[in-house]
Every structure is written in structure tokens, then in C-alpha cells.
Amino acid sequence: MRLGIHTGYWSAGPPDGIQDAVVAADRLGVDSVWTAEAYGSDAFTPLAWWGSRTSRIRLGTAVAQLSARTPTATAMAALTMDHLSGGRFVLGLGVSGPQVVEGWYGQPYAKPLARTREYVQVVRDVLRREAPVTSAGPHYPLPLPEGTGLGKPLRSTVHPLRADLPIHLAAEGPRNIALAAEIADGWLPLFYSPRMDATFRELLADGFARRAPERSPESAFEVSATVPVVVREHVEQAADQVRPFLALYVGGMGAKGANFHRDALDRLGYAEACDEIQAHYLAGRKDLAAAAVPTAMVEDVALVGPPDKIARDLAAWRETAVTTLLVQGDATAVTTLAPLLAQTS
């Protein structure tokens, strides 16, 4: 199992000390660093800026949102990043949710699976550069059928460094997870739990059964799970650092009845707790929402507590389909996990 760093979303500005942390991670031999975007900072610019100070660490988006760019624009950004980084870029994509897609990007949210499939195909066609890019649509038709009539199929002027640049998909629902295994090179889960590993493996197997022969082999497929890691002497102290994060995703990252993050935690058996968390959050009682997050929920999807407990809990993660742990945490979290993973790799 490899170690990566997820830098998360920016709040009011860039995270303090993140560039130094990324440079240190590069020296330590950490596998990858990942950026995110919602409706503030974008995912590509920070990755390029911080990545320019490194030489080995892989640079991934977790995730770049489909609705933020056309598939050809995303392919342009990806091939540019890959050239500038010397082949270290990983394109992580996600559909986000209707609140952001319709409220921020002004784009329709309908048919997310079909849109993802079509989007990824256009990106791959750009990267392969075998012919001018066309797409029958219906979501991303090229050339535009109802335009001036002057549009024509085009081929990228830049030759991609890697025609097989890896594409990973963020997915939480069962059909989305299977789609990632079918068409992508990796899966980016947010709320992975070792307790759900058998279910996740079954969903991945469903997708692998439909995987095209020309895709990379199943054995090369990556599962890079974002995992909050908090090292503290007492478990409850550590869990308190994660509770607001979970409360935000349960209560604030989606509308009531249309929150895919909450659905993932419901499937872990926390529907009743999520009802309370969501009710508090939507009423503006964020402190109470965080307080309602059970410690068991935190321990299901995060690594929290003193180093010896984290070492014991890590054993269960090593038996899962996860290939890379993407740490959300401070420098102590990274330096605690790095030797633990090295001992058992």
C-alpha cells in the first residue's frame, strides 16, 4: 500500500505551509499529492505551482469537476500538466452534485453516468491523437451540430507525452464504482471503510467484467482512498478533529434527499445518526451537527488516536482493495503513517 497526500479544498485562501509539505513529501518518497476543487480554488493551478518544486511525486486531481470544463479543455490541461511534470500527472474526475453543477457552473446535472462515460471517451480521443476528435453526443457533441456550421473536427496541436495518461474516477454510488472499474484506470473513493471491502470488491468486479480488452489490465487498477488521519494521545480528541468534516459532508455537501456523501455513510449503517446530523446542519447548528457524529463513524472511515492504535487499525486497511492511502491531515499524520507502511510493504 502506497502513501499519498490529499491537500483538500482551500478555505479563505491557500493552506498554510502546503508547499513546504509537498516538497518534504517528495523527498520522503511519498507516492502522490492530490488537489480538489468545488467553487473556490481550481484543482490544476495549485498542482502545477506546488508540483514545479518537486521531481518525483505524482500529481493528481481529486477531483477536477466535469462541469467546470469541456472534455477537450480538460484534456488540454491534462496533457499540458503531463508534459511539464515529466509524466507525473494523474487526471482524477468527478461529477460533483446538482447543487454545484447547476448552482455554480450553470450546467445540467442529468444522467451523470452517461455524461461521465462520454466525457472520458472524448478525453481519451484527444490524448490518443489518432484522428481529429468527433463525438456523436448527446452531452458533448463535436463539432457542435447547431452552431454556425463552420466548426470542424480538430486534432490537438500538441502531441501528448503519454497517450495512456491515467484517468481515475471519483465515485460513491454502486453504479458509479462499477463504471470506474469499467472505463478508468483507478477509483477515488471518499468514504471507504474496511467493513465494506467485500461489497466494494464486488462492485469493482462487475465493472472489470465489462472492461474493454484494450484498457490497462485489472491488476494495474488503482484504488486511492482519501482517509482523514489525526494523531492524538486520546481517541476522542482525535475524533473531534474529524467530526466537523463528516458533519459538513452529511449536512452541507448536498441537498436533503440528494446527498451522495450522506448516502455512502447511510450504507455503512449510520442512517439514524445522519438524520440528526443533517437536521442540525440544515438548521445552522453546525456545532451540534459535529457533536452528533458518532466516534464509530469516524473510526470506520478515518485513522485516529495514538500511533500504536493507528498501527493496529492500519492492518485492516492493508487487507482491502485500497492501493494508496491519501492522507488528509497534518505533517504528524504523514510521518506517522510513512514508516508503518514501509514496514509492511
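Residues numbered from 1 in each chain as written. Predicted model: local features only at pLDDT ≥ 70, side-chain atom pairs only at ≥ 80, totals over all residues. Heavy atoms only, no water.

Focus on helix H9 (residues 260–282)
Its 23 residues place the ends of H9 only 16 Å apart at the C-alpha level, less than the 33 Å of an ideal helix rising 1.5 Å per residue. Remark: the principal bend of H9, roughly 125°, maps to Tyr270. For H9, the set of buried residues is His261, Arg262, Ala264, Leu265, Leu268, Tyr270, Ala273, Cys274, Ile277, Gln278, His280 and Tyr281. You can read the cap of H9 off the contacts: a side-chain oxygen lies 3.0 Å from the backbone nitrogen of His261, and it is on Asn259. Phi for Gly284, located one or two positions after H9, is positive at around 85°. (Helix = DSSP H or I, 4+ residues; strand = E, 2+ residues; numbered from the N terminus. Expected span 1.5 Å × (residues − 1). Bend = angle between axes of the 7 residues up to and from the residue. Buried < 20%, exposed > 50% of the residue type's maximum accessible area, 1.4 Å probe, protein only. Polar contact = N/O pair within 3.5 Å; in protein donor to acceptor, adjacent residues only side chain to side chain.)

Concerning the pattern of salt bridges
One pass over the structure, following the stated rule, counts 20 salt bridges. Between Arg201 and Asp197 there is a salt bridge; the shortest N-O distance is 2.7 Å. In this pair, Arg201 and Asp197 both sit in helix H7 (residues 197–208), four residues apart, roughly one turn of the helix. Looking at Arg201, the relative accessible area reads 39%, which means it is partly exposed. Accessibility expressed as a relative area gives 10% for Asp197, which makes it buried. The network of salt bridges with shared partners includes Arg2, Asp31, Arg58 and Glu222. (Salt bridge = Lys/Arg side-chain N within 4 Å of Asp/Glu carboxyl O.)

Remarks on the packing of aromatic side chains
The way to describe two aromatic rings as a pair is by their centre distance and the angle between their planes. Per the stated rule, a full pass over the model turns up 13 aromatic pairs. Summarising the aromatic geometry, the rings of Phe208 and Phe221 are spaced 5.1 Å apart at their centres and angled 85° between planes, so their arrangement reads as edge-to-face. With Phe208 in helix H7 and Phe221 in the loop between H7 and strand S8 (222–231), this pair connects stretches of sequence that are 13 residues apart. Under the relative-accessibility criterion, Phe208 is labelled buried at 15%. Connected via pairs of aromatic rings, a cluster forms that spans Trp187, Tyr192, Phe200 and Trp317. Over the ring of Tyr109 we find Arg115; its NZ or CZ atom is 5.4 Å from the centre of that ring. (Phe/Tyr/Trp six-rings, centres within 6.5 Å; stacked < 30°, edge-to-face > 60°. Lys NZ or Arg CZ within 6 Å of the ring centre and 35° of its normal.)

Side note on the nonpolar core
Within the largest apolar cluster, 98 residues are counted, with the highest numbers of intra-cluster contacts made by Trp187 and Leu337. Once you skip the residues sitting within four places of it in the chain, Trp187 turns out to touch Leu169, Ala171, Ile177, Ala180, Tyr192, Phe200, Leu204, Phe221, Glu222, Val223 and Ser224. Counting residues in each nonpolar core, the second largest holds six residues, with Trp34, Ala62, Val90 and Leu326 among its members. (Core = buried A, V, L, I, M, F, W, Y, C linked by side-chain atoms within 4.5 Å. Contact = heavy atoms within 4.5 Å.)

Structural notes on the pairing of strand S1 (residues 2–6)
Within S1, four of the five residues are buried, which leaves it mostly tucked inside the rest of the structure. Alignment of S1 against strand S10 (residues 324–328), held across four bridges, turns out to be parallel. Bridge assignment links Gly4 to a residue of S10, and that residue is Leu326. As defined by bridge partners, S1 adjoins strand S2 (residues 32–35) across three bridges and the pair is classed as parallel. (Pairing = 2+ DSSP bridges.)

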